[in-house]
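Chain by chain, the residues run as shown.
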Amino acid sequence: MTLEEKIGQMTQIERKDAFPDVMKKYFIGSVLSGGGSVPAPKATAETWVNMVNELQKCALSTRLGIPMIYGIDAVHGNNNVYRATIFPHNVGLGVTRQRIGAATALEVRATGIQYAFSPCIACVTKPS
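What you see is a predicted model, and the numbers here were worked out from it, not measured in a lab.

Draft legend 1. Seen up close, unusual backbone geometry. A positive phi angle, close to 55 degrees, is found at Phe27, a residue other than glycine. Tracing the sequence through the fold places Phe27 in the loop between helix H2 (20–26) and strand E2 (30–33). With a phi close to 55 degrees, Lys42 is a non-glycine residue in the positive phi region. Relative to the helices and strands, Lys42 is located in the loop between E2 and helix H3 (45–60).

What follows is the structure, encoded as structure tokens:
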């Protein structure tokens, strides 16, 4: 692995900068969709899958063929996907005692994304 390939593999870029030529030229190892970073307005799960697959093809086409890791901000559920379930703020989640990690994981995985910055449930106790 060349120095350029190592640097690229340790780099995570924002989705809006992840063009096919950038992925190939700089050997990008990870892409992130932060809050509100979507491939299109009202992007469906299918739109996301197609985008992630295209970027993955670019990563796999490099000399070393190392897959990229795609990450998404899914702290309130996979809210970047049109019609996905959206969950309240962490304190609200703690109060409801809901188990939302599995639901968010299923919705994220359905878009082809492997890595989620996902829900954090706050611990809420009853006053004594």
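Draft legend 2. Structural detail: the pairing of E2. Pairing of strand E1 (residues 12–14) with E2, which is carried by three bridges, proceeds in the parallel orientation. Looking across to E2, one finds that Ile13 is bridged to Val31. As for the winding sense of the linkage, the β-α-β connection from E1 through H2 to E2 is right-handed. Where E2 lies against strand E3 (residues 69–73), four bridges are found, and the strand directions are parallel. Across the sheet, Val31 pairs through a bridge with Tyr70, a residue of E3.

Draft legend 3. Structural view of the pattern of salt bridges. Summed over the entire model, instances satisfying the criterion amount to two salt bridges. Here Glu5 makes a salt bridge to Arg63, at a shortest N to O gap of 2.7 Å. With a gap of 58 residues between them, Glu5 in helix H1 (residues 3–9) and Arg63 in the loop between H3 and E3 connect regions that are remote in the sequence. For Glu54, the salt bridge goes to Lys57, with nearest N and O atoms at 3.3 Å. With Glu54 and Lys57 both in helix H3 and three residues apart, the pair spans about one turn of that helix. For Glu54, a relative accessible area of 43% puts it in the partly exposed group.

Analysis parameters
Sequence order as written defines the numbering, with residues in each chain counted from 1. Given that the model is predicted, a residue must reach a pLDDT of at least 70 before its local features are reported, and side-chain atom pairs must reach 80 or more before they are shown or counted; all residues, however, enter totals for whole chains, interfaces and linings. Working from all heavy atoms in the structure, the side-chain values ignore hydrogens and water. In DSSP terms, a helix is any run of H or I states spanning at least four residues, a strand is any run of E spanning at least two, and both are numbered starting from the N terminus. Between any two strands, at least two bridges found by DSSP are needed for them to pair. The path from the first strand over the helix to the second decides the hand: if it runs clockwise while the strands point away from the viewer, the crossover is right-handed. Note on definitions: salt bridges are taken to be side-chain nitrogens of Lys or Arg within 4 Å of carboxyl oxygens of Asp or Glu. Per-residue accessibility, obtained with a 1.4 Å probe over protein chains only, is compared with the maximum for each type, and a residue is labelled buried under 20%, exposed over 50%, and partly exposed between these values.

Treat this as a map of the structure, not an account of what it does.
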